[in-house]
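Spelled out from the first residue to the last, the chains are:
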Amino acid sequence: MSGAYCGRGVSYEKLERYQDALRDLSNAIRLDSSDAIYFYNRGNVQSRMEEYSQALADYTAALHRDPDFPSAYYGRGMAYKELKKLEPAIDDFSAAIRLKPDYAQAYFYRAVCRQMLGNLHAAIKDCQECLKYDVGSYLVHYNFGFLLEKIGERAMALVHYGEAIRLNPDELYPYINRSHCYYEYHDYENASNDMVHILTTIAESDCKLLYLDAVLDTFNPRWYEKYDHAPSTEEVK
């Protein structure tokens, strides 16, 4: 019966019926409080609801029951990050990586936390590791380009901005940062070409204000941390 509650709770989570998901997962835990998966899945639902303190408690409960659960370390690391507790978040992402060395998301968000703490070179190493396991993520390439530009490696930054654009040509932010990078390189022709593309697209966009704000801020390039392959409550060890 506990497994049935858990399965239905996961289904409710996918339907964004979070209160129903919480009720079923809590019933699963009431019937069997020994299973780490139930706490992990409820932690994921709490995270979806942005109840990060409650999520933290559930991930911790999962780890008490199974200390070798990489996804629970990752989930708890994400909760710590959202609570601006960056050092514990880094510790948990590192634990997830020790248990699962190809955990691309953990490398990515450890890079995010290290970048937020100003440790750019360590963040760059994490992006390099992430790309070994998820070469097809435009966002990893985009943020890798951002970090490289920050330390003055503009030639490599342009490579990664270009790859981000190849992977997702409809996303404007890589064009915005690449235009800035070209400008700093005194390559005004390519900088202008990117800006023409950006402004033309904005004129046709349903998100004009969002993109216009970014264009006005072009010469202060941005880091975006939302990874495009988020885990679901179905994830198991």
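A brief look at the structure comes next. (Residues numbered from 1 in each chain as written. Predicted model: local features only at pLDDT ≥ 70, side-chain atom pairs only at ≥ 80, totals over all residues. Heavy atoms only, no water.)

## Overview of helix H1 (residues 2–14)
Using the following cut-off: Numbering goes from the N terminus for both helices and strands, where a helix is a DSSP run of H or I of at least four residues and a strand is a run of E of at least two. Helix span, expected: 1.5 Å multiplied by one less than the number of residues in the helix. Exposure categories follow from relative accessible area, calculated using a 1.4 Å probe and restricted to protein chains: below 20% of the type maximum is buried, above 50% is exposed, and the middle band is partly exposed. This arc corresponds to the set of directions leading from the helix axis out to the C-beta atoms.
Look at H1: 19 Å from first C-alpha to last across 13 residues, which is about the 18 Å you get at 1.5 Å a residue. Residues of H1 that are buried: Ser2, Cys6, Gly9, Val10, Tyr12 and Glu13. For H1, the angular spread of the buried residues around the axis is 160°, confining them to a single face. Positive backbone phi, at 65°, marks glutamate 16, one or two positions downstream of H1.

## Quick notes on the packing of helix H8 (residues 120–133) against helix H9 (residues 138–150)
Defined as follows: Helix axes use the C-alpha atoms of the stretch in contact, all axes being lines fitted to C-alpha atoms, and the angles between their N-to-C directions lie in the range 0 to 180 degrees. We call two directions roughly parallel when the angle between them is under 35 degrees, roughly antiparallel when it is over 145, roughly perpendicular when it lies between 65 and 115, and oblique otherwise. Each crossing gets its hand from how the near helix is turned against the far one by less than a right angle, where anticlockwise is left-handed and clockwise is right-handed. The contact criterion used is simple: two residues touch if any of their non-hydrogen atoms lie within 4.5 Å.
At a minimum axis separation of 10 Å, H8 and H9 run at an interaxial angle of 150°. Between H8 and H9, the angle is such that the two are roughly antiparallel. H9 is crossed by H8, and the crossing has left-handed handedness. The segment H8 lies against H9, with Leu120, Ala123, Ile124, Cys127, Gln128, Cys130 and Leu131 engaging Val140, His141, Phe144, Leu147, Leu148 and Lys150.

## Remarks on the packing of aromatic side chains
Each aromatic ring pair is described using two quantities: the centre-to-centre distance and the angle formed by the ring planes. Note the threshold: Two aromatic rings from Phe, Tyr or Trp, using only the six-membered ring of Trp, form a pair when their centres are within 6.5 Å; if the ring planes differ by under 30 degrees the pair is stacked, by over 60 it is edge-to-face, and anything between is tilted. Geometrically, a lysine NZ or arginine CZ counts as sitting over a ring once it is within 6 Å of the ring centre and also within 35 degrees of the ring normal.
One pass over the full model with this rule turns up ten aromatic pairs. Between tyrosine 40 and tyrosine 59, the aromatic rings sit 6.0 Å apart at their centres with planes inclined by 50°, giving tilted as the arrangement. Of this pair, tyrosine 40 sits in helix H3 (residues 36–48) while tyrosine 59 sits in helix H4 (residues 52–65), and the two are 19 residues apart along the sequence. Neither tyrosine 40 nor tyrosine 59 differs from the other in exposure class; each is buried. Between tyrosine 74 and phenylalanine 93, the aromatic rings sit 5.8 Å apart at their centres with planes inclined by 50°, giving tilted as the arrangement. Of this pair, tyrosine 74 sits in helix H5 (residues 70–82) while phenylalanine 93 sits in helix H6 (residues 86–99), and the two are 19 residues apart along the sequence. Aromatic rings pair up to connect Tyr74, Phe93, Tyr103, Phe108 and Tyr109 into one cluster. In this structure, lysine 100 packs its charged tip against the face of tyrosine 103, placed 4.4 Å from the ring centre.

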